[in-house]
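This is what each chain is made of:
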Amino acid sequence: TPAAAATQQELAIQIQSAIEQLPDRDREVILMRHYEQLSNQEIAQSLEIAEPAASMRYLRALKRLRSLLDTPE
């Protein structure tokens, strides 16, 4: 429906805005995971870090992203 499409678009704008506010390091891992659909193993290889480090970096970035999305504007 048009209302659902408008809501979806507004949510996408809010998420994109929050991603842009993240530090480069966090933004990079979020984009790799969700937009490029890379696994933790692929992210680790790309960033030349250990897989557990890539996983932890992703979890921390996701926590920061959630914090930005929970903050009222």
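From a predicted model like this one, the values you see are computed outputs, not experimental measurements. (Residues numbered from 1 in each chain as written. Predicted model: local features only at pLDDT ≥ 70, side-chain atom pairs only at ≥ 80, totals over all residues. Heavy atoms only, no water.)

1. Quick notes on helix H4 (residues 51-70)
Let me state the cut-off plainly: The way it works is that DSSP assigns letters per residue, a run of H or I at least four long becomes a helix, a run of E at least two long becomes a strand, and they are numbered from the N terminus. The span you would expect from a helix comes to 1.5 Å times its residue count less one. Each residue is assigned to one of three classes by its accessible area relative to the maximum for its type, calculated with a 1.4 Å probe on protein chains only: buried under 20%, partly exposed between the two thresholds, exposed over 50%. This arc is built from the directions going out from the helix axis to the C-beta atoms. Here, residues are in contact when the closest pair of their heavy atoms is within 4.5 Å.
In this model H4 runs 29 Å from its N-terminal to its C-terminal C-alpha over 20 residues, within 8% of the 28 Å that 1.5 Å per residue would give. If you check which residues of H4 are buried, you get Ala-54, Arg-57, Tyr-58, Ala-61, Leu-62 and Leu-65. Looking down the long axis of H4, one finds its buried residues gathered within 135 degrees of arc, a one-sided arrangement. Across H4 from its buried face, at more than 90 degrees, point the exposed residues Pro-52, Lys-63, Arg-66 and Asp-70. Here the buried face of H4 lies against helix H1 (2-21), helix H2 (24-34) and helix H3 (40-47).

2. Considerations on the nonpolar core
Here is the rule: In plain words, nonpolar cores are sets of buried Ala, Val, Leu, Ile, Met, Phe, Trp, Tyr and Cys residues tied together by side-chain atoms within 4.5 Å.
Core analysis: the biggest nonpolar cluster contains 14 residues, and Val-29, Ile-30, Ile-43, Tyr-58 and Leu-65 have the highest contact counts within it. Of all elements in the fold, only H1, H2, H3 and H4 reach the threshold of two or more residues within this core. With residues near it in sequence (within four places) discarded, Val-29 still touches Ile-43, Ala-54, Arg-57, Tyr-58 and Ala-61.

3. With respect to the environment of Ser-46
Within the secondary structure, Ser-46 sits in helix H3. Expressed as a C-alpha distance, the spacing of Ser-46 and Met-32, which sit 14 residues apart in the sequence, is 9.5 Å.

4. Brief notes about the packing of aromatic side chains
Definition in use: Stacked, edge-to-face and tilted labels apply to pairs of Phe, Tyr and Trp rings (six-membered ring for Trp) whose centres lie within 6.5 Å, assigned for plane angles under 30 degrees, over 60, and everything in between, in that order. The criterion is that NZ of a Lys, or CZ of an Arg, lies within 6 Å of the ring centre and within 35 degrees of the ring normal, and then a charge sits over that ring.
Per the stated rule, a full pass over the model turns up zero aromatic pairs. The cationic tip of Arg-33 hangs over the ring face of Tyr-58; the distance from NZ or CZ to the ring centre is 4.5 Å.

5. Notes on the packing of H3 against H4
Stated formally: Lines fitted to C-alpha atoms define the axes here, with helix axes fitted over just the stretch in contact, and angles between the N-to-C directions of these axes take values from 0 to 180 degrees. Any angle between 65 and 115 degrees counts as roughly perpendicular, while under 35 counts as roughly parallel, over 145 as roughly antiparallel, and the rest as oblique. By the convention adopted, Pro, Cys, Tyr, Trp, Phe, Met, Ile, Leu, Val and Ala count as nonpolar, Lys, Arg, Asp and Glu as charged, and the other residues, Gly among them, as polar.
Two numbers describe how H3 lies on H4: the axes approach to 8 Å, and their chain directions differ by 105 degrees. One way to sum up the angle between H3 and H4 is to call them roughly perpendicular. On the side of H3, the interface is formed by Asn-40, Gln-41, Ile-43, Ala-44 and Leu-47, while H4 contributes Glu-51, Ala-54, Ser-55, Arg-57 and Tyr-58. Taken together, the residues of the contact of H3 with H4 break down into five nonpolar, three polar and two charged.

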